[in-house]
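Chain residues, written in single-letter form:
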Amino acid sequence: MEHKGVTVWFTGLSGAGKTTISQKVAEELRSQNYKLEVLDGDIVRTNLTKGLGFSKEDRDENIRRIGFVSHLLTRNGVIVIVSAISPYRAIRDEVGKRIGNFVEVYVNAPLETCEKRDVKGLYKRARAGEIKQFTGIDDPYEPPLNPEIECHTDKEELEESVKKVLEGLKKLGYLA
Ligand code: ADP
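All of the points below concern the structure found in this document. (Residues numbered from 1 in each chain as written. Predicted model: local features only at pLDDT ≥ 70, side-chain atom pairs only at ≥ 80, totals over all residues. Heavy atoms only, no water.)

### Focus on the nonpolar core
Grouped together as the largest cluster of nonpolar side chains are 32 residues, with contacts concentrated most on Phe 10, Val 25, Leu 29, Ile 79, Ile 81, Val 105 and Val 165. Mapped onto this core, the elements with two or more residues apiece are β1 (6-11), α1 (18-31), β3 (79-83), β4 (102-108), α6 (122-127), β5 (149-152) and α7 (158-171). Aside from chain neighbours lying at most four places away, what touches Val 165 is Phe 10, Ile 21, Val 25, Val 105, Ile 149 and Cys 151. Core analysis: the second largest hydrophobic core is formed by 14 residues, Trp 9, Val 80, Val 82 and Ile 99 among them. (Core = buried A, V, L, I, M, F, W, Y, C linked by side-chain atoms within 4.5 Å. Buried < 20%, exposed > 50% of the residue type's maximum accessible area, 1.4 Å probe, protein only. Helix = DSSP H or I, 4+ residues; strand = E, 2+ residues; numbered from the N terminus. Contact = heavy atoms within 4.5 Å.)

### Side note on the environment of Val 69
Structurally, the position occupied by Val 69 is in helix α3 (residues 56-74). Considering only alpha carbons, one finds Val 69 and Ile 99, 30 residues apart in sequence, at a separation of 9.9 Å. If sequence neighbours within four positions are ignored, Val 69 has contacts with Leu 39 and Leu 48.

### Some points on the packing of aromatic side chains
All told, the structure shown has three aromatic pairs when counted by the stated rule. With centroids separated by 5.0 Å and ring planes inclined at 85°, the aromatic side chains of Tyr 123 and Phe 134 adopt a geometry described as edge-to-face. Separated by eleven residues along the polypeptide, Tyr 123 in helix α6 and Phe 134 in the loop between α6 and β5 bring together distant segments of the chain. Its guanidinium or amino end placed over the ring of Phe 54, Arg 45 lies 3.9 Å from that ring's centre, counting from NZ or CZ. (Phe/Tyr/Trp six-rings, centres within 6.5 Å; stacked < 30°, edge-to-face > 60°. Lys NZ or Arg CZ within 6 Å of the ring centre and 35° of its normal.)

That is the geometry; function is a separate question.
Spelled out as structure tokens, the structure:
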């Protein structure tokens, strides 16, 4: 299907629901034959940005590289779905400006909800001091000030969040 490229950027705390929502959104768009690529932070860190750590400098570099690839794909008419904590506002904004067709989705859930879910057991390890510089525990998260779309995963069912994203993209003119 011919369509406008766009980067749909999911940001939020670990365990907020970025991967879960973005996978469902990707599934839905694929079934509608959209050209699509998914860049998931956890996977990207094992190849494209392998070797980078979690200092501010390395986190920004991680986002810059994801942004670079997203830009290439976006300008070739691909819908790029990025799921990355991306805790720093300035670099998100910088990447968004460069890409142009950029939709920021804030996957918002309170820290205590994310910590209770502890999908990967990382919060427990961070609290125990086994992991340092863990976002939300001993590293900052700067929420978007004006996200195009915001999901409250502590109050919404997954399907509601997914619908919000799809309808948002439609309203913004990226979906038929
Ligand atoms: P992240 O990618 O942000 O680290 P995950 O998607 O891996 O987070 O985990 C989010 C967890 O929250 C999953 O276990 C998911 O089932 C649960 N969850 C509950 N409600 C929602 C919702 N509305 N949207 C997304 N995930 C939700």
